[in-house]
Amino acid sequence: MPPAYGLPVSRIPHEPTLGDLRELLVETRLVTLTGPAGVGKSHLAARVAEAVTDLPVHRADLSDCADAALVPQTVAAALHAGTAPGSGTDPMEAVLRLLAGRRGLLVLDTCEHVRPGCAYLVGRLHDACPGLQILVTSRTPIGVPDEQRIPLRPLSREQTVDLLREKAAVQGVDLPVFWTRLLAERLDGDPLSVLLAARTLGRSATPQQLYGSLCEPGARFGVLIHGPKQPARHSTLLRAIAWSHDLCGRAERLLWARLSAFTGNFTAEQVRTVFAGDSELSALVDSSVVLPEEDGTFRLPLAHREYGQLLLEGLGRP
C-alpha cells in the first residue's frame, strides 16, 4: 500500500483568511496550522486570536517546554498568568478545572517538539470541554482524532516582493524594484528569510552583496542572521532550519540530505527508485520539510535544500 503523505487536509482555501479559520474552528473545534520554518504559523495564530472578540482567549507558548511530560504544567502556568499550580496539584486537572464547562479559544503555539504531550492534553480537552476551540501551531500534525490540518504555504513571488519592500522600508532602505525582484526570487517565498534579508540590508549589506550571498549555495546562512531575540529559533535562518532537522529521525535526516541533490521538483517514484525512502519521505512531508505540489510532485524549499547540501558535505558525499 502506498504511503499516506500527511493527514487529510481540510477543504479550506489555499490561502486561508481569518474568516476561514474562525469558521473552521467553530465547525470542528480543533485546527492545526502546519508549515515549514518561518512560514508564519505563530503570526497567523496570533492574528486569529486578536480577531476573536466573542470568546475568552487563552494562549500557551510551548517553545521553551523541554519535555513532553511537562506540557500540562506549562499550559497550566500560562492559564494561571505564569504561576504554576500549587504543590500536589495535578497540572492536567488544573487545566480541566479552568476550561471545563466554558466557551473559549485556546492557542497552543509551537508544539512540534513536544507532540506526545500536546496530543494527550488536546485529546483530554477536546473530549471534556465541548465549548472550547483549540488552535495549534506545529510543523507536524499532533495526531489526534478530529484534527483539521491547515498547511501554510510559502508566499507567491509577488507577495514576496511586496513583503520585502515593506520590511526594507521599515529598516530605512528604499529598495529598487529591480533588486527587489531579484532578491525575492532567491528568498523562495519564506517570510522569515524576507525579514532577515531586510534587516541585513538595513545594517550593512548592499542589495548586490546580499544577492551574491543568496546565489552562493549555503552562504545565506551566514548573512540571514539578524533575527528577533524571541523566539530564539528564529534569530538566524540556520537555527530555524536546524530546529526542524533536530526533530527528524536519523533515516529522515539522511533522506533530507539526499533529496538536496534534486535541483527541482521530484516524484515519490523517483525517491523510491533512487533512495528507497517511502516512509521517510512521508515523515518529511508530515514535518513540513518536503512540500507537496498540486501536480503530485514534491520539493525541498530552497533553504532546506541548501541545508541538505551542507549535510551531504558533512557526510563526505558529492
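Scroll up a little and you will see the structure.
These notes cover the structure that comes with them.

Thresholds, definitions, all that
- Residues numbered from 1 in each chain as written.
- Predicted model: local features only at pLDDT ≥ 70, side-chain atom pairs only at ≥ 80, totals over all residues.
- Heavy atoms only, no water.
- Helix = DSSP H or I, 4+ residues; strand = E, 2+ residues; numbered from the N terminus.
- Expected span 1.5 Å × (residues − 1).
- Buried < 20%, exposed > 50% of the residue type's maximum accessible area, 1.4 Å probe, protein only.
- Contact = heavy atoms within 4.5 Å.
- Salt bridge = Lys/Arg side-chain N within 4 Å of Asp/Glu carboxyl O.

1. Regarding helix α5 (residues 115-128)
Line of reasoning, step 1. For α5, which comprises 14 residues, the first-to-last C-alpha distance of 20 Å matches the rise-based estimate of 20 Å (1.5 Å per residue) to within 8%.
Line of reasoning, step 2. Among the residues of α5, G117, C118, A119, L121, V122, L125 and H126 are the ones counted as buried.
Line of reasoning, step 3. The elements touched by buried residues of α5 are α1 (18-28), β1 (30-34), α3 (71-79), α4 (91-99), β3 (104-109) and β4 (132-137).

2. As for the pattern of salt bridges
Any two side chains of opposite charge can pair, given that their charged atoms come close.
Line of reasoning, step 1. Overall, the coordinates contain 14 salt bridges when judged by the stated rule.
Line of reasoning, step 2. The salt bridge involving E293 is made with R153; its shortest N-O contact spans 2.9 Å. With E293 in the loop between β6 (291-292) and β7 (298-299) and R153 in the loop between β5 (148-151) and α6 (157-170), this pair connects stretches of sequence that are 140 residues apart.
Line of reasoning, step 3. The class of E293 is partly exposed, set by a relative accessible area of 23%.
Line of reasoning, step 4. Since its relative accessible area comes to 23%, R153 is described here as partly exposed.
Line of reasoning, step 5. Among the salt bridges present, the one from E158 reaches R181, with a minimum N-O distance of 2.8 Å. Placement of E158 in helix α6 and of R181 in helix α7 (residues 177-187) is noted, with a sequence separation of 23 residues between them.
Line of reasoning, step 6. According to the relative accessible area criterion, E158 is partly exposed, its value standing at 41%.
Line of reasoning, step 7. Here R181 falls in the partly exposed class, since its relative accessible area comes to 40%.
Line of reasoning, step 8. What emerges from the salt-bridge pattern is a single network uniting R153, D188, E293 and R299.

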